[in-house]
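Residues per chain are reported as follows:
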Amino acid sequence: KYKAWLDGYRYKNRPPFSGVFKPVNGGDPFVIISNHAYPGGNEKADEHRKIQGKFYRELVAKMLKDKTYPNTIFLVGDLNGSPGRSPHTTIQPKNEKMLLHLVKKPDSKGTVTHGSSDIDHIYASNLAWSRVSDKISHVIRPEHYNESDTKFEQICSDHLPVFVDVALNKKWFILYNA
């Protein structure tokens, strides 16, 4: 079941998409919400990302209340902002009830060519968070495949894929965000 979330989304492009997935060999279904937030650089873009982050949070809350969706939800994608900046600040505000957990990375290197750009992230709902194996996400880098940066970018774009190990019904699955 796949869906583009356009109702209530105030922009004409970059809406979040979701899909419900069920492991092939049994286990609990889960939801992936894929997003691509506006790029930064000015106040207008920052305001767009804040609004998008709030929309993502409200979408997860809506899905958690709607019993047709599993409570294991992952929000993944290019947020075009580092933790502590928008849209992170509206996805999980500090003073709000914990709805989404940022699955932290061991370092902030996030792209092949720019090095320190930390914009691709995975958030997990409370139930999903309980199933993330080591509470960190992992980044796949060119050196893991003995590839040059140029060759790796041809395969994965300039973003480094991010993944988490997830236990669904005593089996481990890997969730990728690239």
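Our subject in this report is the structure included herewith. Just so it is clear, the structure is predicted and the values come from calculations on it, not from any experiment.

**Considerations on the sheet that holds strand E2 (residues 17-21)**
No. 1: Taken in spatial order, the six strands line up as E1-E2-E3-E4-E6-E5 in an open sheet, and their pairing is mixed. Looking along the sheet, the strands with just one partner apiece sit at the ends: strand E1 (2-4) and strand E5 (100-102). Neighbouring strand axes in the sheet, compared pairwise and without regard to direction, differ in orientation by 20° on average.
No. 2: Strand direction decides the pairing type here: strand E4 (residues 73-78) and strand E6 (residues 120-125), joined by five bridges, are antiparallel. Within the sheet, the bridge partner assigned to leucine 75 lies in E6 and is tyrosine 123.
No. 3: Strands E2, strand E3 (30-36), E4 and E5 of the sheet are contacted by helix H1 (residues 43-65), whose axis makes an angle of about 165° with E3.

**A few points about the nonpolar core**
No. 1: Core analysis: the biggest nonpolar cluster contains 21 residues, and Ile33, Tyr56, Met63, Leu75, Ile91, Leu100 and Tyr123 have the highest contact counts within it.
No. 2: Residue assignment for this core shows that the elements contributing at least two residues are E3, H1, E4 and E5.
No. 3: Here the element with the most residues in this core is H1; it accounts for five residues.
No. 4: Excluding residues that lie within four positions of it along the chain, methionine 63 makes contacts with Trp5, Ser18, Val31, Ile33, Tyr69 and Ile73.
No. 5: By size, the runner-up hydrophobic cluster in this structure holds 13 residues, among which are Phe74, Val103, Ile122 and Val166.

**A closer look at the environment of glycine 41**
No. 1: With respect to the helices and strands, the residue glycine 41 is situated in the loop between E3 and H1.
No. 2: Judged by relative accessible area, which is 80%, glycine 41 ranks as exposed.
No. 3: Residues glycine 41 and asparagine 80, 39 residues apart in the sequence, show an inter-C-alpha distance of 10.0 Å.

**Considerations on unusual backbone geometry**
No. 1: In the segment running from serine 86 into proline 87, the intervening peptide bond is cis, with an omega of 5°.
No. 2: When you line up the elements, proline 87 lands in the loop between E4 and helix H2 (88-91).
No. 3: Despite not being glycine, arginine 14 has its phi angle at roughly 60°, a positive value.
No. 4: Summarising the element assignment, arginine 14 is placed in the loop between E1 and E2.

**Looking at the packing of aromatic side chains**
No. 1: Under the counting rule described, the total for this entry stands at seven aromatic pairs.
No. 2: Centroid distance tryptophan 5 to tyrosine 69: 6.1 Å. Interplanar angle 50°. Geometry classified as tilted. Taken together, the positions of tryptophan 5 in the loop between E1 and E2 and tyrosine 69 in the loop between H1 and E4 put the pair 64 residues apart, joining distant regions of the chain. The same class applies to tryptophan 5 and to tyrosine 69, which are both buried.
No. 3: A centroid spacing of 5.8 Å and a plane angle of 25° characterise the contact between phenylalanine 21 and phenylalanine 30, whose relative ring orientation is stacked.
No. 4: By relative accessible area, phenylalanine 21 is classed as partly exposed at 31%.
No. 5: The exposure class of phenylalanine 30 is buried, given its relative accessible area of 14%.
No. 6: Clustering of aromatic rings is evident, with ring pairs tying together Tyr2, Phe21, Phe30 and Phe74.
No. 7: Positioned above the aromatic ring of tryptophan 5 is the side chain of lysine 3, whose terminal nitrogen or guanidinium carbon lies 4.0 Å from the ring centre.

**Description of the pairing of E6**
No. 1: Most of E6 sits out of view: six of its six residues are buried.
No. 2: Burial along E6 is two-sided: Asp120, Ile122 and Ala124 and His121, Tyr123 and Ser125, pointing in opposite directions, are all buried.
No. 3: For E5 and E6, the ladder comprises three bridges, and the chain directions are antiparallel. Within the sheet, the bridge partner assigned to histidine 101 lies in E6 and is alanine 124.

**Thoughts on the side chain of aspartate 78**
No. 1: With respect to the helices and strands, aspartate 78 occurs in strand E4.
No. 2: No salt bridge is formed by the buried aspartate 78. Its closest oppositely charged neighbour is arginine 14, at 5.9 Å.
No. 3: Reaching out from aspartate 78, the side chain makes a polar contact with the backbone nitrogen of asparagine 80 at a distance of 3.0 Å.

Scoring rules and cut-offs
Residues numbered from 1 in each chain as written. Predicted model: local features only at pLDDT ≥ 70, side-chain atom pairs only at ≥ 80, totals over all residues. Heavy atoms only, no water. Pairing = 2+ DSSP bridges. Helix = DSSP H or I, 4+ residues; strand = E, 2+ residues; numbered from the N terminus. Axes fitted to C-alpha atoms, helices over the stretch in contact; angles between N-to-C directions. Contact = heavy atoms within 4.5 Å. Core = buried A, V, L, I, M, F, W, Y, C linked by side-chain atoms within 4.5 Å. Buried < 20%, exposed > 50% of the residue type's maximum accessible area, 1.4 Å probe, protein only. Phe/Tyr/Trp six-rings, centres within 6.5 Å; stacked < 30°, edge-to-face > 60°. Lys NZ or Arg CZ within 6 Å of the ring centre and 35° of its normal. Lys, Arg positive; Asp, Glu negative; His and termini not counted. Salt bridge = Lys/Arg side-chain N within 4 Å of Asp/Glu carboxyl O. Polar contact = N/O pair within 3.5 Å; in protein donor to acceptor, adjacent residues only side chain to side chain.

So far we have only geometry, and geometry alone does not tell us how the molecule works.
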